[in-house]
Amino acid sequence: MIDVKDLTIEKAYEMMKAGELTSVDLVSLCLQNIKEKNNELNVFLEVFDDVLDQARIADEIIKSGKGMKLTGIPIAIKDNILITGKKNSSGSKMLENYVASYDAFVIKKLKEHGAVLIGRTNMDEFAMGSSTENSAYGPVKNPIDPSRVPGGSSGGSAAAVASGMALASLGSDTGGSIRQPASFCGLVGMKPTYGVVSRSGLTAMSSSLDQIGPFGKTSEDAKIIFDCISGKDEMDSTSVGCRVLDTRIGCPTPDRRKIGVPRDFLKEGIDPEVLQNFEEIIKKLKNKGYEIKDVVMPYLKYSLPVYYIIMPAEVSTNLSRLDGMRYGTRKEGADVFDSYKKSRSAGFGMETRRRIILGTYVLSHGYFDAYYNKAWKVRRAIMKEYEDIFKDVDFVMTPTTPTTAFKFGEKKDPVQMYLSDIFTVSANLAGLPAITIPSGKSSSGLPIGIQFTGPLFSDESLFTLEKDLRG
Amino acid sequence: MNIKDVEKLAELAKIELSDAEKKTILKDMEGILEYVKVVEKVEVPDVEPVYNQKNVWREDEIKPSVFSNDLIIKQFPDAQDNFLKVKKIL
């Protein structure tokens, strides 16, 4: 009996090619897991009614010998990535009945490869949160311990893979929204270099930071998805593709073996078990022949404050399009402005309002220079700092998160919640690729993750690190 | 920052807040601003901020659209003869 929780894409592909497994079988197993667990875990907001039809078509393609690695593989999609004709709510009441009129670039790619899109996964409203507690449709529970959060904002996409409801999934990462939940659920999660994966069809949150990326059980699985969804797209003007640039700087390079550790940044607020695990991984990597070097990065500690100025500023402008006029929730008021207000108030949850108001504040006259402009200057210093460090080391390594998965309601104060992204946001600010890899478990059995951040366009080499951690 | 500031920001952002929500937002804003204000004091090289932005142009050509007109119209909260219906602006 196959357990989807242990099955990799590679293995499923081999089995399907050899005729030992069909996509219909595989999808049926996922549907069974969804039936048994989704009521409790609240992972999927919708399971598509045509999944078995998709699987049948994939089986035909496989039979004809034209199957690719993702053909017939069930993939879960975060609810902020558009699929033609399917609802797309972004975890919000504002878009509760919104139906997408086109495919996101990444969806187009998955469809071209014959992947089975199994359903849309629950998330923090408009991808804002670190626990999925901000979803308008109730929180997702962590499959490893349902009394704990799965992380966020792509918590549903992480839980779907961890509970065997899909083989892999797509999420979006603005400040850690793939890597933090991947770490909490014991998965590999990857945020590509800014521009390598098109955001056409991703509900925009913070446009200078957002990236789409994969969740998988292994780096190999994550890489299969990454290879499929990356590439240049004229519908996203920030898209640059990656192949050309890879060649330019000589990537991938499997012999990148020098890793920097920003010790000064790891002094406070980290769970002792996470820190102990981090030291064990350093030892392991040293045994494998990696050179581990302490690096000094004085600007890194400003990443989170800088993020909480730039991100809300972009959120407040990006979400101004949601006014209930052309699509989404509309509540009629006395006049057009009153209608905007009533619609937005009915559609937006508390965290969304908080960030819009914060963004409006930092962009307002009198505060713009002190906050927004200054934050961009510091952001530039962070980018420069990474650039300089990468002249010396190949990767920078930190824990992915300061703690393991926390309990529901544990982080009521917004700043406390925001601190769970302390190690992940700098990659978004600097546009760098970063990966989280499962690195062990705490004494209570909760997954711990380790994060590697690489230079721009080093995406491919990040996938090579896990095999040395396994052995 | 005080309640009046929150009210002004909410007005600018076109969001209605109850009195209780205003109080919560004020408290949260104070906490968050306290946390981020460190940025004001960071010493950075005196350079103009670079926004990493450049225009990406395309030719102004008519191309067949992949967007479903039908699906777009179906999203209109209120419509008349396939036109979007809104309250009068002026």
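Everything below is about the structure printed above this text.
Residues numbered from 1 in each chain as written. Chains lettered and ligands numbered in written order. Predicted model: local features only at pLDDT ≥ 70, side-chain atom pairs only at ≥ 80, totals over all residues. Heavy atoms only, no water.

Colleague: Can you break down the overall build of chain B residue by residue, with the values?
Modeller: Counting its regular elements, chain B contains 4 helices and 2 strands. Along its sequence from the N terminus, chain B presents helices and strands in the succession α-α-α-α-β-β. Relative to the 2.2 N^0.38 estimate, which gives 12 Å for 90 residues, the radius of gyration of chain B is 23 Å and therefore markedly larger than a compact globule would have. Projected onto its principal axes, the C-alpha positions of chain B cover 55 × 45 × 25 Å. Within the span of chain B, comprising 90 residues, buried residues form 24% of the whole. When the accessible surface of chain B is totalled, it reaches about 7200 Å², and 52% of it is carbon and sulfur. (Helix = DSSP H or I, 4+ residues; strand = E, 2+ residues; numbered from the N terminus. Rg over C-alpha atoms; globule rule 2.2 N^0.38 Å. Buried < 20%, exposed > 50% of the residue type's maximum accessible area, 1.4 Å probe, protein only. Areas by Shrake-Rupley, 256 points an atom, 1.4 Å probe, with all protein chains shown as cover.)

Colleague: Residue-level account of a nonpolar patch on the surface, with values.
Modeller: On the surface, a nonpolar cluster with roughly 380 Å² of combined accessible area is contributed by A:Met235, B:Val66, B:Phe67 and B:Ile72. Structurally, the position occupied by B:Phe67 is in the loop between helix H3 (38-41) and helix H4 (69-74). (Patch = residues over 30% accessible without salt bridge, like charges linked within 9 Å, V, L, I, M, F, W, Y side chains within 5 Å. Salt bridge = Lys/Arg side-chain N within 4 Å of Asp/Glu carboxyl O.)

Colleague: Could you give an account of the pairing of strand E10 (residues 434-441) of chain A, with specific residues and numbers?
Modeller: All names here are of chain A. Note that strand E5 (residues 188-191) and E10 share 3 bridges and pair antiparallel. When the bridges of E10 are listed, Lys191 appears paired with Ala434. One ladder, built from 7 bridges, connects E10 with strand E11 (residues 447-453); its direction is antiparallel. For Thr436, the partnering residue across the bridge sits in E11 and is Gln451. Here E10 folds back onto E11, and the loop between the two strands holds 5 residues, one of which, Gly445, carries a positive phi near 85 degrees. (Pairing = 2+ DSSP bridges.)

Colleague: Tell me about the side chain of A:Ser426, residues and numbers included.
Modeller: Residue and element names in this part refer to chain A. Inspection of the secondary structure assignment puts Ser426 in helix H15 (residues 425-430). Judged by relative accessible area, Ser426 falls into the buried class, the value being 4%. Those residues in contact with Ser426 that sit more than four places away from it in its chain are Leu300, Ser303 and Tyr386. (Contact = heavy atoms within 4.5 Å.)

Colleague: Lay out the interface of chain A and chain B in plain terms, naming residues and giving numbers.
Modeller: Contact residues are listed per partner, giving 63 residues for chain A and 52 residues for chain B. The closest approach of N and O atoms between A:Arg353 and B:Glu21, which form a salt bridge, is 3.1 Å. At the junction of chain A and chain B, the tally comes to 16 residue pairs in polar contact (both at pLDDT 80 or more). Looking at the side of chain A that touches chain B, the elements that each hand over two or more residues are helix H10 (303-318), helix H11 (336-347), helix H12 (350-362), helix H13 (369-389) and helix H14 (414-418) of chain A. (Polar contact = N/O pair within 3.5 Å; in protein donor to acceptor, adjacent residues only side chain to side chain.)

Colleague: Any details on unusual backbone geometry? Residues and values, ideally.
Modeller: Among all residues except glycine, the phi angle is most often negative; among peptide bonds, the trans geometry is most common. Cis peptide bonds are those with omega within 30 degrees of zero, and the linkage from A:Gly152 to A:Ser153 qualifies with 10 degrees. Phi at A:Asn42 is positive, roughly 60 degrees, even though this residue is not glycine. Within the element layout of this structure, A:Asn42 appears in the loop between helix H2 (23-41) and strand E1 (44-47). The class of A:Asn42 is buried, set by a relative accessible area of 19%. Positive phi values are uncommon outside glycine, yet B:Asp81 reaches one of about 50 degrees.

Colleague: Please provide a residue-by-residue account of the environment of A:Thr360, values included.
Modeller: Residues and elements named next belong to chain A. Positionally, Thr360 belongs in helix H12. The spacing of Thr360 and Ser339 is 21 residues in sequence and 20 Å in space, taken between C-alpha atoms. At 2.6 Å, the side chain of Thr360 forms a polar contact with the backbone oxygen of Ile356.

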